[in-house]
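# Close look at the chain arrangement
Okay, here's what each chain looks like letter by letter:
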Amino acid sequence: MENLSRRRVLTLGTALGLAGVAAPSTAWAWSSAGSIARTDTVTDPWLVWDDATDPLVASLLENGQISGVNTAFESWVDNGDALPAGLPANLVTYLQQVNRLPSWADQTKLAAAAQFNKRMSLYLFVLYGLGSGIMSTVIPREARNVYYSEGGAVMKSRAAKTFTYGYDLSAPDAFQPTGHFVVTSNKTRLTHAAVRHLLPQSAPWQAVTDNAIPISNGDILITFHSLGTYVHGKLASWGIRMSAREQDAFLHQWQVALHLLGVRDDFIPATWAAAKQQSQYALTPLLAPTPEGINLANILFGLTSEIDLGVTRGFLHEFARYVLSDRIGDWLRLPRDLVSRALIEIAWPAYVRFREGLSPILPDGFSMMDRFVRGLAMLFLNNGTSPDYTPITIPTGNRPG
Ligand code: HEM
């Protein structure tokens, strides 16, 4: 099947006139010795998609079966739920194989990760939301894919669906029968497979893309680094106490998440050191602005500003600059607000020190920072738990218009 995918890439790549076909110009050189498979090989994950899922979803789309699947999926929520009635037989067979944790999943570590997520929750809301969320707009392929896919035109509901994923991942019972994360991951994996079939049919996407088929294993790894690896590094740089066990558990949760999204074990980093190395190699050099990403960032800031967090939009821009760098802020053309920046530079580290028990002095600006982080948390939680709960649905088209 890999050969088939490669052939498809070459054909599409030629049709699109892509010089480098599917991969960035440098060849992949991260050895899988640092992966959980521990095999010392170098396979290019930018040329690996999801052979188990892609042909199946393509046929469901071609046969007009996806809207029926989305309807049947409405009642499929808990990991322990039986597969819903009314699914096509080939989808049932597929889900019976993939709707489970990998053999190497460690429930003790997953339980420790849940505890860690709880203890870190306020920081996680801030970092996943204003850090990773905005970083996704300077990952060119991701920005373009999101912009030209169906959900790109309705970012509020798309953001809510992404919150659903984050909420389900961070829930105390995420990987238990009462949790939702395994089901949510499977829906996401199917969604990605649909995007792989649909986006190559989008003329505006074709006009800007540097890859013939979107969302390769390499692309998913990059997004993981913008989430897990980035957050882990930020927490460490803020001086937040994390035991070796907690750090390992947090990584393990992401390793399982990557597996459930169809990433091969020989690409999944085994340690944070290996993850960091892969991230420096695969994510950092690829960050860049695009018109699509600038547009999406603007929309995301607009959505965040709709909630009263007790801070101005200028503050939000500066906070994103603070956690991501001014370089990224400049790429996204975020207007400067130097007064807010001066406040953040002093008040945020003091807030963290106080919360972590590293300083007994209640800092100036504590209540303002507290309202801000709690407001962000509510924004996230409301989308995850209230009647606003937005289930993930498989798209059947691209961005209209
Ligand atoms: C859809 C998560 C990687 C592009 C989704 C959804 C989730 C999700 C939860 C369903 C919600 C929705 O429809 O918006 C993730 C996670 C990733 C990842 C956790 C990696 C750890 C990527 C990458 C790309 C991508 C690498 C592109 C380069 C998309 C697109 C959609 C989507 C285009 C469909 C949007 C639509 O048309 O509705 N992803 N994703 N994702 N994802 Fe990902």
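Residues take numbers from 1 onward in each chain, read along the sequence in its written order. Given that the model is predicted, a residue must reach a pLDDT of at least 70 before its local features are reported, and side-chain atom pairs must reach 80 or more before they are shown or counted; all residues, however, enter totals for whole chains, interfaces and linings. Excluding hydrogens and water, the side-chain values take into account all heavy atoms of the structure.

Turning our attention to the site of the ligand. We call a residue near a given molecule or strand whenever any one of its heavy atoms falls within 4 Å of it. The full set close to the ligand counts 19 residues, and Ser-149, Gly-151, Arg-158, His-192 and Thr-223 are the nearest of them. Gly-151 is positioned with one of its backbone polar atoms (N or O) 2.8 Å from an oxygen atom of the ligand. Here a polar contact means two N or O atoms within 3.5 Å. Within protein one must be a hydrogen donor candidate and the other an acceptor candidate, and residues neighboring in sequence count only if both atoms are side-chain atoms. A distance of 2.9 Å separates an oxygen atom of the ligand from a polar side-chain atom of Arg-158. Secondary structure is summarised from DSSP: a helix means a run of H or I of at least four residues, a strand means a run of E of at least two, and numbering begins at the N terminus for each. Within the residue set of the shell around the ligand, elements represented by two or more residues are helix 7 (140-148), helix 8 (155-170), helix 9 (181-198) and helix 11 (217-237). In this classification, Asp, Glu, Lys and Arg are treated as charged, Ala, Val, Leu, Ile, Met, Phe, Trp, Tyr, Cys and Pro as nonpolar, and every other residue, Gly included, as polar. Taken together, the residues that form the shell around the ligand break down as seven nonpolar, seven polar and five charged.

Further remarks concern the confidence of the model for the protein chain. Per-residue confidence for the protein chain averages 90 on the pLDDT scale, and 92% of its residues sit at or above 70. Confidence scores here are pLDDT values: one per residue, from the predictor, ranging 0 to 100. A contact between two residues is defined here by any heavy atoms of the two lying within 4.5 Å. Scored below 50 in pLDDT, residues 1-25 makes 47 contacts in the model with residues more than four places away or belonging to other chains.

Let's shift gears to the packing of helix 14 (residues 291-305) against helix 15 (residues 313-324). It is at 10 Å that the axes of helix 14 and helix 15 come closest, and there the two elements cross at 125°. Judged by the angle between their axes, helix 14 and helix 15 are oblique. By crossing handedness, the relation of helix 14 to helix 15 is classed as right-handed. Contacts from Asn-298, Phe-301, Gly-302, Thr-304 and Ser-305 of helix 14 reach helix 15 at Arg-313, Leu-316, His-317 and Ala-320. An axis is simply a line fitted to the C-alpha atoms; with a helix, the fit covers only the stretch in contact. Between two such axes, the angle follows the N-to-C directions and lies from 0 to 180 degrees. Orientation categories follow fixed angle ranges, with anything under 35 degrees roughly parallel, anything over 145 roughly antiparallel, 65 to 115 roughly perpendicular, and all other angles oblique. Crossing handedness: left-handed means the near helix sits turned counterclockwise from the far one by under a right angle, and right-handed means the same turn made clockwise.

The next subject is the environment of Gln-65. As for its position among the elements, Gln-65 is in the loop between helix 2 (54-62) and helix 3 (66-73). Note: C-alpha distance between Gln-65 and Arg-38 (27 residues apart in sequence) is 39 Å. For Gln-65, the residues in contact, after removing those within four places along its chain, are Ser-59, Leu-60 and Pro-88.

Next up on the list: the coordination of the iron atom of the ligand. Coordination shells were defined by N, O and S atoms within 2.8 Å of each metal, extended to 3.2 Å for Na, K and Ca; water is absent from the atom set, which can make sites look incomplete. Counting protein donors to the iron atom of the ligand gives just one, His-192 (NE2), placed at 2.2 Å. By secondary structure assignment, the location of His-192 is in helix 9.

Now for the packing of aromatic side chains. Note on ring pairs: Phe, Tyr and Trp rings are taken, using the six-membered ring of Trp, and paired if centres are within 6.5 Å. Classes follow the plane angle, with under 30 degrees stacked, over 60 edge-to-face and the rest tilted. Counted according to the given criterion, the structure contains 21 aromatic pairs. One aromatic cluster is present, built from ring pairs that chain together Tyr-123, Trp-238, Phe-315, Phe-319, Tyr-322, Trp-348, Tyr-351, Phe-354, Phe-366 and Phe-372. Note on geometry: a ring has a charge over it if NZ (lysine) or CZ (arginine) is within 6 Å of the ring centre and within 35 degrees of the ring normal. Arg-355 extends its terminal NZ or CZ atom over the ring of Tyr-123, reaching a point 5.3 Å from the ring centre. Against the face of Tyr-147 rests Arg-399, its NZ or CZ located 3.9 Å from the ring centre.

Should their charged atoms come close, side chains of opposite charge can pair. Just to be clear on terms, a salt bridge is a Lys or Arg side-chain nitrogen sitting within 4 Å of an Asp or Glu carboxyl oxygen. Throughout the structure, instances matching the rule amount to 15 salt bridges. A salt bridge links Asp-326 to Arg-336, with the nearest nitrogen and oxygen atoms 3.6 Å apart. Of this pair, Asp-326 sits in helix 16 (residues 326-331) while Arg-336 sits in the loop between helix 16 and helix 17 (338-355), and the two are 10 residues apart along the sequence. Categorising residues by exposure relies on relative accessible area from a 1.4 Å probe, with only protein chains included: less than 20% of the type maximum marks a residue as buried, more than 50% marks it as exposed, and the intermediate range marks it as partly exposed. In this structure Asp-326 comes out as partly exposed when scored by relative accessible area, which is 26%. Since its relative accessible area comes to 41%, Arg-336 is described here as partly exposed. Put simply, Glu-345 and Arg-341 hold a salt bridge, and the shortest N to O gap is 2.7 Å. Of the two residues, Glu-345 and Arg-341 are both situated in helix 17; the distance of four residues between them amounts to about one turn of the helix. Judged by its relative accessible area of 41%, Glu-345 falls in the partly exposed class. One continuous salt-bridge network, built from bridges that share partners, spans Glu-318, Arg-321, Asp-326, Asp-330, Arg-336, Arg-341 and Glu-345.

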